[in-house]
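Structure at a glance
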Amino acid sequence: LCTGLFPPSSRLIKHIINFITGVAKSDTEPFAPYCLPRLRRTIIYGARQHNISSLEFEAVRRRKPITCVFHFEDNQSEQLGIESCTVAAELESKLLRHINMKAPSQEFALFEVLQGNERSLYP
C-alpha cells in the first residue's frame, strides 16, 4: 500500500527497489510484482496529495484495477480500468488511446465526481 502513497527517502530508494525486485523474482510474495511499478510511479510523481479512499484500498488489496466510467458530451460512455496511483496525465493518455483520439480538443477536460462532489482533474 505504501509504495503508492509516498516515495521513500533518497537513502532507502535503492534498497527498497532491490528488496522488492528480489522478492518478485522468488514468486513467494504475490504483491511484489504489483508494488514495483507503483513505487516507480510514486518516485516520479511524488507523494499523494489526497488520502486513499476505501475503493482504492480494496483495489490495492485485491491487486485489481478500479473501473471508471467516462461520460462524453454525445451521451456516450466508456469504461476504463485504472490503478489507484494513476495520475491525471496518465489517465488522459490512456483515455485518448482507448477512444482513438490523437490529441484532446480545446474543450477536453477531466472531472472527478466522488460522493456527489465534483473537482477538475485536467487541465
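Refer to the structure printed above.
Rules behind the numbers
Residues numbered from 1 in each chain as written. Predicted model: local features only at pLDDT ≥ 70, side-chain atom pairs only at ≥ 80, totals over all residues. Heavy atoms only, no water. Buried < 20%, exposed > 50% of the residue type's maximum accessible area, 1.4 Å probe, protein only. Helix = DSSP H or I, 4+ residues; strand = E, 2+ residues; numbered from the N terminus. Arc of directions from axis to C-beta. Pairing = 2+ DSSP bridges. Expected span 1.5 Å × (residues − 1). Contact = heavy atoms within 4.5 Å. Core = buried A, V, L, I, M, F, W, Y, C linked by side-chain atoms within 4.5 Å.

1. What about helix α4 (residues 88-98)?
Among all positions of α4, only Leu-91, Glu-92, Leu-95 and Leu-96 are buried. Around the axis of α4, the buried residues are gathered within 130° of arc, so they sit on the same side. With its phi angle positive at about 55°, Asn-100 sits one or two positions after the end of α4.

2. As for the pairing of strand β1 (residues 66-71)
Here β1 shows a clear split, with Ile-66, Cys-68 and Phe-70 buried on one side and none of Thr-67, Val-69 and His-71 buried on the other. Sheet analysis places β1 next to strand β2 (residues 77-82), joined by six bridges and oriented antiparallel. Across the sheet, residue Cys-68 finds its bridge partner in β2, namely Leu-80. What sits between β1 and β2 in their antiparallel hairpin is a turn of five residues, with Asn-75 showing a positive phi close to 65°.

3. Structural notes on unusual backbone geometry
The residue Arg-63 is not glycine, and still its phi comes out positive at about 55°. Its location among the elements puts Arg-63 in the loop between α3 (54-62) and β1.

4. Overview of helix α1 (residues 13-26)
The end-to-end C-alpha distance of α1 is 20 Å, a good match for the 20 Å that 14 residues give at a rise of 1.5 Å each. For α1, every residue scored as buried is listed here: Ile-17, Ile-20 and Val-23. Down the axis, α1 shows its buried residues gathered within 135° of arc, on one side only. Turned more than 90 degrees from where α1 packs its buried face, Lys-14, His-15, Phe-19 and Lys-25 sit exposed. Here the buried face of α1 lies against α2 (32-45).

5. Observations concerning the environment of Ala-32
Within the secondary structure, Ala-32 is located in helix α2. Assessed through its relative accessible area of 4%, Ala-32 is described here as buried. Distance from Ala-32 to Ile-20, taken between C-alpha atoms, is 5.6 Å for residues twelve residues apart in sequence. If we skip the residues at most four places from it in the chain, Ala-32 touches Ile-20, Val-23 and Ala-24.

6. Quick word on the nonpolar core
Residues Ala-59, Ile-66, Cys-68, Phe-70, Leu-80, Ile-82, Leu-91, Leu-95 and Leu-110 constitute the largest nonpolar core, which totals nine residues. At three residues, the largest contribution of residues to this core is made by β1. Ranked by size, the runner-up nonpolar core spans seven residues in total, among them Ile-17, Ile-20, Leu-36 and Leu-39.

7. Brief notes about the environment of Glu-58
Relative to the helices and strands, Glu-58 is located in helix α3. Separated by 26 residues in the primary sequence, Glu-58 and Ser-84 place their C-alpha atoms 9.7 Å from one another.

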